[in-house]
Amino acid sequence: MKGTVGELGEFGLIRELTSRLTTTPAVRIGPGDDAAVVAAPDRRVVASTDILLEGRHFRRDWSTAYDVGRKAAAQNLADIAAMGAVPTALLLGLVVPAELPVTWPSEMMDGLRDECQVAGASVVGGDVVRGDTIMVSITALGDLRNQEPVTRAGAQPGDLVAVTGWLGWSAAGYAVLSRGFRSPRAFVEAHRRPEPPYHAGPAAAALGATAMCDVSDGLIADLGHIAEASKVRIDIRSGAIDIPTQMNDIGQAVGVDPLQWVLTGGEDHAIVATFPSDTKLPARWKVIGEVLNPSALPQVTVDGAPWTSKGGWDHFGDIES
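About the criteria used
Residues numbered from 1 in each chain as written. Predicted model: local features only at pLDDT ≥ 70, side-chain atom pairs only at ≥ 80, totals over all residues. Heavy atoms only, no water. UniProt positions renumbered as here; feature names shortened; annotations may be inferred. Helix = DSSP H or I, 4+ residues; strand = E, 2+ residues; numbered from the N terminus. Buried < 20%, exposed > 50% of the residue type's maximum accessible area, 1.4 Å probe, protein only. Contact = heavy atoms within 4.5 Å. Polar contact = N/O pair within 3.5 Å; in protein donor to acceptor, adjacent residues only side chain to side chain. Pairing = 2+ DSSP bridges. Arc of directions from axis to C-beta.

- Looking up the protein chain in an unreviewed UniProt entry gives the name Thiamine-monophosphate kinase, with the organism given as Streptomyces diastatochromogenes.
- Under the UniProt heading Sequence similarities (unreviewed entry), the note attached to the protein chain is "Belongs to the thiamine-monophosphate kinase family."
- UniProt lists a comment for the protein chain under the heading Pathway (unreviewed entry), and it reads "Cofactor biosynthesis; thiamine diphosphate biosynthesis; thiamine diphosphate from thiamine phosphate: step 1/1."

Some thoughts on the UniProt feature "binding site: Mg(2+) 2" (unreviewed entry) in the protein chain
For step 1, the next point in the chain: In the numbering used here, UniProt assigns the feature "binding site: Mg(2+) 2" (unreviewed entry) to Asp50 and Asp79. A stretch of 30 residues holds the annotated residues, and the largest C-alpha distance among them is 9.8 Å, short enough that they meet in one place.
For step 2, the next point in the chain: Inspection of the secondary structure assignment puts Asp50 in strand β3 (residues 45–53).
For step 3, the next point in the chain: Assessed through its relative accessible area of 26%, Asp50 is described here as partly exposed.
For step 4, the next point in the chain: Among residues more than four places away in sequence, those in contact with Asp50 are Gln75, Asn76, Val136, Ser137 and Ile138.
For step 5, the next point in the chain: Only 3.2 Å separates the side chain of Asp50 from the side chain of Gln75, close enough to count as a polar contact.
For step 6, the next point in the chain: Turning to its location among the elements, Asp79 is positioned in helix α3 (residues 65–81).
For step 7, the next point in the chain: Take Asp79: its relative accessible area is 22%, and that puts it in the partly exposed class.
For step 8, the next point in the chain: Here Asp79 is in contact with Ser48 and Asp214, once residues within four sequence places are set aside.
For step 9, the next point in the chain: Side chain to side chain, Asp79 and Ser48 meet in a polar contact 3.1 Å long.

Points about the sheet that holds strand β7 (residues 160–164)
For step 1, the next point in the chain: Reading across the sheet, the seven strands line up as β8-β10-β7-β11-β9-β12-β13 and stay open at both edges, with mixed pairing between neighbours. Each of the sheet's edge strands pairs with one partner strand only, and the pair in question is β8 (211–215) and β13 (305–306).
For step 2, the next point in the chain: Both strand β9 (residues 233–236) and strand β12 (residues 300–302) contribute to a ladder of three bridges, which runs parallel. Residue Ile234 lies in a different strand from β12, and its bridge partner there is Val300.

Side note on helix α2 (residues 10–18)
For step 1, the next point in the chain: Those residues of α2 lying buried are Gly12, Leu13, Glu16 and Leu17. One face of α2 carries all of its buried residues, which in axial projection span an arc of 130°. Looking at α2, the residues exposed on the side facing more than 90 degrees away from the buried face are Phe11 and Arg15.
For step 2, the next point in the chain: Tucked into the core, α2 has its buried residues touching α1 (5–8), β4 (86–96), α4 (103–119) and β5 (122–130).

Put into structure tokens, the structure is as follows:
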């Protein structure tokens, strides 16, 4: 579609965006009314919200509109899965400049729709507003399907710590893009479009996971959330974490120890969880550490010692992945 958002107008833009959507059986009333109606068979709704701001969370010279849509959906749907729930629906709040070509929000909506389909959810409504810069605000909903939510507060001394999904790939891709390159492509794409293991969250809950979190701020930072909530210490065994050869090559090229990316790089949206020590985990889960009694040491250690390098994501600090 040609033209700008301003030329199309608010209601024309809404019609253009909603025309690109699909639905699921959970959606009783979708876009077009004052509010959506989504089935909640469990009678409990898991909800999460997040914001992507241009220049802070994405750059249009690095990522296509479609990439931004996939990423915006993924980081919210991963939060639902990390509670042990099944994603059902997503709501969009979109701020765009009037001079923005209509193709940008249209392609972004395609990305939202396609990522929702991967997770088994659908976009059910939202709002669009004129602003000076692009902002994508997402609210995701999920269903526990009669299971108890897996929070960050249940880890017990003696539990295993296991992870499924990618670690450090997005941070390595960010390093590549920051230096003006576009390859290795797999790492660049991991930064542009994370691939959370959605089904692993509910599966982990069924296996008896005692605590769980998606890796959005960095492995150490997110395990720190679990350790703090559970009042335990967690020790990571660095030798148990596989580092791909290409990631090592990128690290050598840019002068960074790739373990730094693995331990502190965020936005991969892998899922990390703690399990009782006798749990038989599927092959997709990799045991990388254990839960210990609290001590005077920091709440998360690596090979028994504090991790002294900076890392992890803090929106109001100067620490970046």
